[in-house]
Amino acid sequence: PPCRPLGCLWAMLSFTLLLAACHRGPQEVTSTQAAPRDTPADLPWVVMEAGPCLMYCPQYTLTIQANGRVHFRGLDRDGSRWLVHERQMLPEQVRALDAAIDHSGYFGFDSHCCDQPEASDHPVIRLDIAADGRRAALAHDLGDGSIPDALVLLEPAITLHAGVDDWIVVPQPAQEQP
């Protein structure tokens, strides 16, 4: 018997999720010698998200595991679909990012440093870092002038060392047809 549209949609979605959960892609063995101290190599080390804004801003989630595995999910240029990219950081890139995090003093930031965001049309940046048995998560409006300078410098250092700058795109307004 034919199914109802909503029932068919649920069935297809459930089946797709089941397949995705069962699929195991090729297993890659990587060196963990460069992993941050006391951080399990296969767990998220850095998670950075850029949220939407009032106009055209990049939207993405960047996850870096302690073994240097990078997973990036971001909107394409016209903002109509999500793109997924993955790469493996070189050991020296992992060490450089670890040093940039240490140098920034990220774990020493006041947990309320970003609680008073200035109103702006900029996106919200969420940054969660776990290393050396410590974890800190901060969220701030990118246009907030009161956030620590070290945090302002750390965020582009993360995307640079992770090698994802080419994947971050700013959605463009739709072009009108003549």
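Remember, predicted model here, so these are calculated numbers, not experimental data.

**Student:** Help me understand the pairing of strand β4 (residues 82-88) in this model?
**Tutor:** Regular strands show a simple pattern: their side chains alternate between the two faces of the sheet. Two elements, strand β3 (residues 69-75) and β4, share seven bridges in a ladder whose sense is antiparallel. Paired with Arg 73 across the strands is Val 84, a residue of β4. Adjacent in sequence and paired antiparallel, β3 and β4 are bridged by six residues, among which Gly 79 carries a positive phi angle near 70 degrees.

**Student:** Can you help me understand the packing of aromatic side chains in this one?
**Tutor:** The final tally for this structure, using the stated rule, is four aromatic pairs. Ring geometry for Tyr 106 and Phe 107: centres 5.6 Å apart, planes at 85 degrees, overall edge-to-face. Of the residues examined, Phe 107 reaches a relative accessible area of 21% and is grouped as partly exposed. For the ring pair Tyr 106 and Phe 109, a centre distance of 5.8 Å and an interplane angle of 75 degrees mean the geometry is edge-to-face. For Tyr 106, a relative accessible area of 1% gives the class buried.

**Student:** Help me understand the environment of Phe 109 in this model?
**Tutor:** On the secondary structure map, Phe 109 appears in the loop between α2 (91-104) and β5 (124-131). The exposure class of Phe 109 is buried, given its relative accessible area of 16%. In sequence terms Phe 109 and Ile 147 are 38 residues apart; their C-alpha atoms lie 9.8 Å from each other. Residues in contact with Phe 109, not counting those within four places in the same chain, are Ser 104, Leu 138, Pro 148, Ala 150 and Leu 151.

**Student:** Which parts of the structure should I look at to understand α2?
**Tutor:** For an α-helix, the turn length of 3.6 residues means that residues three or four places apart are oriented alike. Along its 14 residues, α2 runs 20 Å from first to last C-alpha, staying within 8% of the 20 Å computed at 1.5 Å per residue. Taken residue by residue, α2 has Gln 93, Val 94, Leu 97, Asp 98, Ala 100, Ile 101 and Ser 104 as its buried positions. The buried residues of α2 occupy an angular sector of 160 degrees when the element is viewed end-on, so they sit on one face. Directly after α2, the chain includes Gly 105, whose backbone phi takes a positive value near 75 degrees.

**Student:** I tried to follow the pattern of salt bridges on my own but got confused; where do I start?
**Tutor:** A pair can form between side chains of opposite charge whenever their charged atoms are brought close. Here the structure, examined in full by the defined rule, presents four salt bridges. A salt bridge links Glu 86 to Arg 69, with the nearest nitrogen and oxygen atoms 3.4 Å apart. Residue Glu 86 is found in strand β4, and its partner Arg 69 is found in strand β3; the two are separated by 17 residues along the sequence. The residue Arg 135 makes a salt bridge to Asp 128 at a minimum N-O spacing of 2.5 Å.

**Student:** Explanation requested: unusual backbone geometry in the structure shown.
**Tutor:** Among all residues save glycine, negative phi is the norm, and among peptide bonds the norm is trans. Of note, Asp 132 is a non-glycine position whose phi angle comes to about 55 degrees, a positive value. In this structure, Asp 132 sits in the loop between β5 and β6 (134-141).

**Student:** Looking at this structure, I do not really get the nonpolar core. What am I missing?
**Tutor:** Where a protein is soluble and globular, its nonpolar side chains tend to be buried together. Ranked by internal contacts, the top residues of the largest apolar core, which has 33 residues, are Trp 45, Leu 62, Ile 64, Tyr 106, Leu 127 and Ile 158. Contact partners of Leu 62, with chain neighbours within four places excluded, come to Val 46, Val 47, Met 48, Val 70, His 71, Phe 72, Ile 158, Thr 159, Ala 162 and Val 164.

**Student:** Where do I start with helix α3 (residues 149-162) in this structure?
**Tutor:** Taking 1.5 Å per residue as the helical rise, α3 with its 14 residues ought to reach 20 Å, and the 20 Å between its terminal C-alpha atoms agrees with that figure. Taken together, the buried positions of α3 are Leu 151, Leu 154, Glu 155, Ala 157, Ile 158, Thr 159 and Ala 162. Positive backbone phi, approximately 75 degrees, marks Gly 163, located one or two places after α3.

**Student:** Mind showing me how you'd approach the sheet that holds β5 here?
**Tutor:** The strand order across the open sheet built from six strands is β4-β3-β2-β1-β5-β6, with neighbouring strands paired in antiparallel fashion. The open sheet has two free edges, formed respectively by β4 and β6, since each of these has just one partner strand. Sheet twist, expressed as the mean angle between neighbouring strand axes with direction ignored, is 10 degrees. The pairing of β5 with β6 spans eight bridges and is classified as antiparallel. Residue Ile 129 lies in a different strand from β6, and its bridge partner there is Ala 136. Seen against the sheet, α2 touches β1 (44-50), β2 (60-65), β4, β5 and β6 and runs at an angle of roughly 70 degrees to β1.

Analysis parameters
- Residues numbered from 1 in each chain as written.
- Predicted model: local features only at pLDDT ≥ 70, side-chain atom pairs only at ≥ 80, totals over all residues.
- Heavy atoms only, no water.
- Pairing = 2+ DSSP bridges.
- Helix = DSSP H or I, 4+ residues; strand = E, 2+ residues; numbered from the N terminus.
- Phe/Tyr/Trp six-rings, centres within 6.5 Å; stacked < 30°, edge-to-face > 60°.
- Buried < 20%, exposed > 50% of the residue type's maximum accessible area, 1.4 Å probe, protein only.
- Contact = heavy atoms within 4.5 Å.
- Expected span 1.5 Å × (residues − 1).
- Arc of directions from axis to C-beta.
- Salt bridge = Lys/Arg side-chain N within 4 Å of Asp/Glu carboxyl O.
- Core = buried A, V, L, I, M, F, W, Y, C linked by side-chain atoms within 4.5 Å.
- Axes fitted to C-alpha atoms, helices over the stretch in contact; angles between N-to-C directions.

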